[in-house]
Amino acid sequence: MCDCCGLYSLEESERERKRERERGEMRSHGTSESFVKMPTIKFTKLFINGEFVDSVSGKTFETRDPRNGEVIANIAEGDKEDVDLAVRVARAAFDHGPWPRMSGFERARIMMKFADLVEQNIEEVATLDTLDAGKLFSSLKDYELPDAIKSLRYYAGAADKIHGDVLKMSRPLQAYTLLEPIGVVGHIIPWNFPSSSFFVKTSPALAAGCTMVVKPAEQTPLSALYYAHLAKLAGIPDGVLNVITGFGPTAGAAISSHMDIDMVSFTGSTEVGREIMKAAATSNLKPVVLELGGKSPLLIFDDADIDMASDLALFGFSFNKGEVCTAGSRLYVQEGIYDEFVKKLVEKAKGWIVGDPFDPNVCHGPQVDKVQFEKVLSYIEHGNREGATLLTGGKPIGDKGYYIEPTIFTDVKEDMLIVKNEIFGPVVVLMKFKTMEEAIRRANDTTYGLAAGIVTKDLNVANTVSRSIRAGTIWINCYLEEDRDCPFGGYKMSGIGRDLGLEALHKYLQVKSVITPIYNSPWL
Amino acid sequence: MPTIKFTKLFINGEFVDSVSGKTIETTDPRNGEVIAKVAEGGKEDVDLAVKAARAAFDHGPWPRMSGFERARIMMKFADLIEENLEELATLDSLDAGKLFSLGKAIDIPGVISCLRYYAGAADKIHGRTLKMSREFQAYTLLEPIGVVGSIIPWNFPSTMFFIKASPALAAGCTVVMKPAEQTPLSALYYAHLAKMAGVPDGVLNVITGFGPTAGAAISSHMDIDMVSFTGSTEVGREIMKAAATSNLKPVALELGGKSPLLIFDDADIDMASDLALLGVLYNKGEICVAGSRVFVQEGIYDEFVKKLVEKAKAWPIGDPFDPQVRQGPQIDKAQFDKILRYIEHGMREGATLLTGGKPAERQGYYIEPTIFTDVKEDMLIVKDEIFGPVMALMKFKTIEEAIKSANNTRYGLAAGIVTKSLDVANTVSRSIRAGTIWINCYFAFGDDCPFGGCKMSGFGKDHGSEGLHKYLHTKSVVTPIYNSPWL
């Protein structure tokens, strides 16, 4: 699963749908009006130095519900001046405030309290993300948010276990490394997993003792501002965690080019990642960590259980309406089981329910907004024009909102746009292969390198293929599984650096070597 | 004057002319004379080198050997360097005006120990098994990142070659190395020795040439997986931009510095003045970690200055092959002129010149040890990296003031502290924002000791196990498990 969300396991989704079927509550495709839950939107302003404030310009922007395109709320629109204010307080909080000067254990106590508060408000934040992003409410409540909360607890537990090294010098010198908080951090997070991203980024930075400015995606500002409120309640000191809602080219650019931000951590598209790295270089040469796009292959070998493999494949490209950086968007099926597999896959795809994300029977909700919706549809059109065969789906559902069915193309060539580009929607390209070597070569034939999946019972196939595919995460007989202790990130143009695991702490720490001569040491 | 044996590009195990046929002259800074003409590599040559390095990585033996086997070859390489130590030290002294005696005693032995250190690490590169919260087995594989581009500076041509190449080779990567155009000679010799040692063709390629052509071709290459650079902050910026614009390759940058040396009242004045002088004069001040801002506590200031100036005036400058000499010529006319301009600037800005401030009276790019005092923190000579034998000397009262002044810079490469007090040492070492803190010493490096800056001195580390990280990719492998008796 993407570093952002976390947990909707295939087994769980299967069990849920089985239960629904047994209860005879199968629903047909289409949007549903009967699940509208509009809570009061309590937090709509920028969060700077412990207070909710209007933007300097006074401007606001609208955030919309992708079920129907309607405005949910007006949110303060932060720009360069607001980022400057946030950085100033974050700098003061870092250089002089209590946060880095507390012990790791004390920071952990506050982070644990923060986790408890998120847990106590889980339904409300799940609702916000469902409204903002069209994500499944039940999945958020039962899996994604509990996992986001786990990020806070995992890094809280690590905060007092950050170790430097005592070094082996070849002359009478004592040397050790101190792992110091890097300073003021900028986080620019995406809209597909707003809560997961928020905590995957901020938790290790908080644990390390850094202070930060978070810019949520303009499509999904609501939960981030709620978390700012809870952070304050939890006791995070003013200035440590600031949230600037706004747009990429203004607020985001102000962060990546800021002269007083010490590093930037970004998850989003490869194109924007490029701009961020350039801006970082042009400004103060701040290090950047980038989690970018993917076109991840799922390789299904002849010895795979076809039922399990087809479930996995469908899940791999349709989960979260395909808005997942690690979506298994290229399917390679070995020729021995190809025909039977395709039959099963198409059957299951047709049974995948698309509708209101508050409906517990629905498998996926609407695409996040009109822009993404149209982009996915234009790729589908492109696939049709390039001469691919459409096995199922390929069109929107309903006349309101941004709903698209699971779409499967086959008879594709590897140079087609739908095979090369990241579509970021519920669209998969299906291909046949003969030999393992061929599968490896084709799996690697991409500028991306985020993840890959392998379905086989054979130990040697699993080992050879997992070592041969150039990608940051390899799933064997599973897909989209992620966990707190497991590093996540890309090879090649899928990015630089890792989130999750102890690895993720590194980017928020500076290694300082301290060297002193020693005299009369009984050993070297 | 030895015969210059290697003057061509080294690609895929062979010395070849550049595609264009062009050559560069490399000159001797003692007299400006041409030592040799070497091939000038451009974009097409970089393309050929990358093609060879890519083939060597994707299909060749190097990454497929065990770490131990790579280590055997690296150890052989180290042995060959040891056998040719004098010749290599001579090349660097000719090319860069570096002291021959130090090249023999420190630089080249340092190269050998760096190769041996990483050879020893090659079969000890560990991933981890992870603690999953559900029934999964997960572990990380640390894989060689691929084809590495290394762009190295002219101030420590041999040291830099091996700081970059050794960990990359140990990790199983293949390398395209671009030495500085001022100092191509030892790099090409090392290429020859690499082949003799058994490093397979295509694994280590050397393209001599200029930054804006060969260097830019490397940082913007679509098939290089990462770039490691040591050099100026300005060029580091261009490299990071080119990396972003091309294929988003990760970069590691070791850039400039304006490192502070803080001398407290309890310091031994003799030792402290020796250290301070060495801090700006070692390698004629052409060192990124030069202690170019010296802060002395007021209690010992006057006595310290007296000793410092005395020693500066006695500092022997001359031919780098003369074992009595402690400072050779600046590397070339461009650097020589730049340093003199800064000195002139210092005088115009109203700083007091205690000693030096002009070229030495001999042919070649020699500059006298230069000490300025009565400086203000916003003067150019206090803010900018001069990269020459020039010190800005200041007085301080309290430890807090010293820390504040020390941190008042956009750089963060190193810092030094001279004190006997444990508490001063601990507080100050934690409070200065820099990658290396030397307490009662300066320029103390170690193979196991990570080196690299923060702020605008760059990011990423060389040396130590940290130095390996940038040449490795972390891959997580995750599989469900059944009936595990523990989680």
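Our subject is the structure listed above.
Just so it is clear, the structure is predicted and the values come from calculations on it, not from any experiment. (Residues numbered from 1 in each chain as written. Chains lettered and ligands numbered in written order. Predicted model: local features only at pLDDT ≥ 70, side-chain atom pairs only at ≥ 80, totals over all residues. Heavy atoms only, no water.)

Looking at helix H3 (residues 104-120) of chain A
Residues and elements named next belong to chain A. What counts is decided by this rule: Numbered from the N terminus, helices here are DSSP runs of H or I no shorter than four residues, and strands are runs of E no shorter than two. A helix is expected to span 1.5 Å for every residue after the first. Burial classes follow relative accessibility: with a 1.4 Å probe on protein chains only, a residue under 20% of its type's maximum area counts as buried, one over 50% as exposed, and anything between as partly exposed. Residues are treated as being in contact if the distance between any of their heavy atoms lies within 4.5 Å.
The end-to-end C-alpha separation of H3 is 24 Å, in line with the 24 Å expected for 17 residues at 1.5 Å each. Every buried residue belonging to H3 is among Gly104, Arg107, Ala108, Ile110, Met111, Phe114, Ala115, Leu117 and Val118, and all of these are buried. Where H3 is buried, its residues contact helix H4 (122-133), helix H5 (137-158), helix H6 (194-208), helix H7 (222-234) and strand E8 (241-243).

Focus on the sheet that holds strand E21 (residues 509-517) of chain A
Heads up, the rule is: Only when DSSP finds a minimum of two bridges between them are two strands counted as paired. Only C-alpha atoms enter the line fits that serve as axes; for helices the fit covers just the stretch in contact. Angles between N-to-C directions range over 0 to 180 degrees.
Judged by pairing direction, the sheet is mixed, and its nine strands sit side by side in the order E5(A)-E21(A)-E17(B)-E16(B)-E11(B)-E12(B)-E15(B)-E14(B)-E13(B) without closing on themselves. Lying at the two open borders of the sheet, with one neighbouring strand each, are strand E5 (173-181) of chain A together with strand E13 (352-355) of chain B. Neighbour-to-neighbour, the strand axes of the sheet open up by a mean angle of 20°, direction not taken into account. As defined by bridge partners, E13 of chain B adjoins strand E14 (residues 370-373) of chain B across three bridges and the pair is classed as antiparallel. Across the sheet, residue Thr355 of chain B finds its bridge partner in E14 of chain B, namely Ile371 of chain B. Across the sheet, helix H11 (residues 333-348) of chain B touches E13, E14 and strand E15 (390-396) of chain B, and the angle it forms with E14 of chain B is around 25°.

Let's talk about the packing of aromatic side chains
Stated precisely, the cut-off is as follows: Pairing of aromatic side chains requires ring centres within 6.5 Å, counting the rings of Phe and Tyr and the six-membered ring of Trp. Pairs whose planes differ by under 30 degrees are stacked, by over 60 edge-to-face, and all others tilted. Over a ring means this: the NZ of a Lys or the CZ of an Arg is within 6 Å of the ring centre and within 35 degrees of the ring normal.
Taken as a whole and assessed by the stated rule, the structure comprises 35 aromatic pairs over all chains. Aromatic pair Phe114 of chain A and Phe199 of chain A: ring centres 5.5 Å apart, planes at 65°, arrangement edge-to-face. Of this pair, Phe114 of chain A sits in helix H3 while Phe199 of chain A sits in helix H6; the two residues are 85 residues apart in sequence, bridging distant segments of the chain. Joined through ring pairs, the aromatic side chains of Phe156, Tyr282, Trp438, Tyr442, Phe443, Phe445 and Phe451 of chain B make up one cluster. Here the basic side chain of Lys98 of chain B rests over the ring of Phe156 of chain B, its NZ or CZ set 3.8 Å away from the ring centre. Above the plane of the ring of Tyr301 of chain B lies Lys395 of chain B, whose end atom (NZ or CZ) is 4.9 Å from the centre.

Topic: the packing of helix H9 (residues 270-282) of chain A against helix H8 (residues 233-245) of chain B
Which entries qualify depends on this criterion: The scheme is simple: roughly parallel for angles under 35 degrees, roughly antiparallel for over 145, roughly perpendicular for 65 to 115, oblique for anything else. Three categories are distinguished: nonpolar for Ala, Val, Leu, Ile, Met, Phe, Trp, Tyr, Cys and Pro, charged for Asp, Glu, Lys and Arg, and polar for the others, with Gly belonging to the last.
Relative to each other, H9 of chain A and H8 of chain B sit at 175°, their axes nearing to 8 Å. With respect to H8 of chain B, the element H9 of chain A is oriented roughly antiparallel. Together, Arg274, Met277, Lys278, Ala280, Ala281 and Thr282 of chain A of H9 of chain A and Arg237, Met240, Lys241, Ala243, Ala244 and Thr245 of chain B of H8 of chain B make up the contact between the two elements. Residues of the contact of H9 of chain A with H8 of chain B, tallied by class, amount to six nonpolar, two polar and four charged.

Things to note about the interface of chain A and chain B
Where we set the bar: Buried area adds together the accessible area that both of two parts lose upon being put together, with accessible area traced by a 1.4 Å probe. By convention in these notes, a salt bridge is any Lys or Arg side-chain nitrogen within 4 Å of a carboxyl oxygen on Asp or Glu. Under this definition, polar contacts are N or O atom pairs within 3.5 Å; protein pairs additionally need one hydrogen-donor-capable and one acceptor-capable atom, and for neighbouring residues in sequence, both atoms have to be side-chain atoms.
Contacts between the two partners involve 69 residues from chain A, matched on the other side by 67 residues from chain B. The junction of chain A with chain B conceals about 5,100 Å² of combined surface from both sides, 56% of it contributed by carbon and sulfur atoms. It is Met277, Leu285 and Ile515 of chain A that lose the most area in chain A upon contact with chain B, and together they represent 13% of the buried surface on that side. The interface formed by chain A and chain B includes two salt bridges. Among the ionic pairs, Arg134 of chain B bridges to Glu481 of chain A, the shortest N-O distance being 3.0 Å. Joining chain A to chain B, the criterion identifies 39 residue pairs in polar contact (both at pLDDT 80 or more). Of all elements in the fold, only E5, H9, strand E10 (288-291), helix H15 (459-468), strand E19 (473-476), helix H16 (503-506) and E21 of chain A reach the threshold of two or more residues within the side of chain A that touches chain B. When grouped by side-chain class, the residues that make up the side of chain A that touches chain B number 33 nonpolar, 19 polar and 17 charged. Bridge count for E21 of chain A against strand E17 (residues 436-439) of chain B is three bridges, and the pairing is parallel. Its bridge partner lying in E17 of chain B, Ser513 of chain A is registered against Thr436 of chain B.

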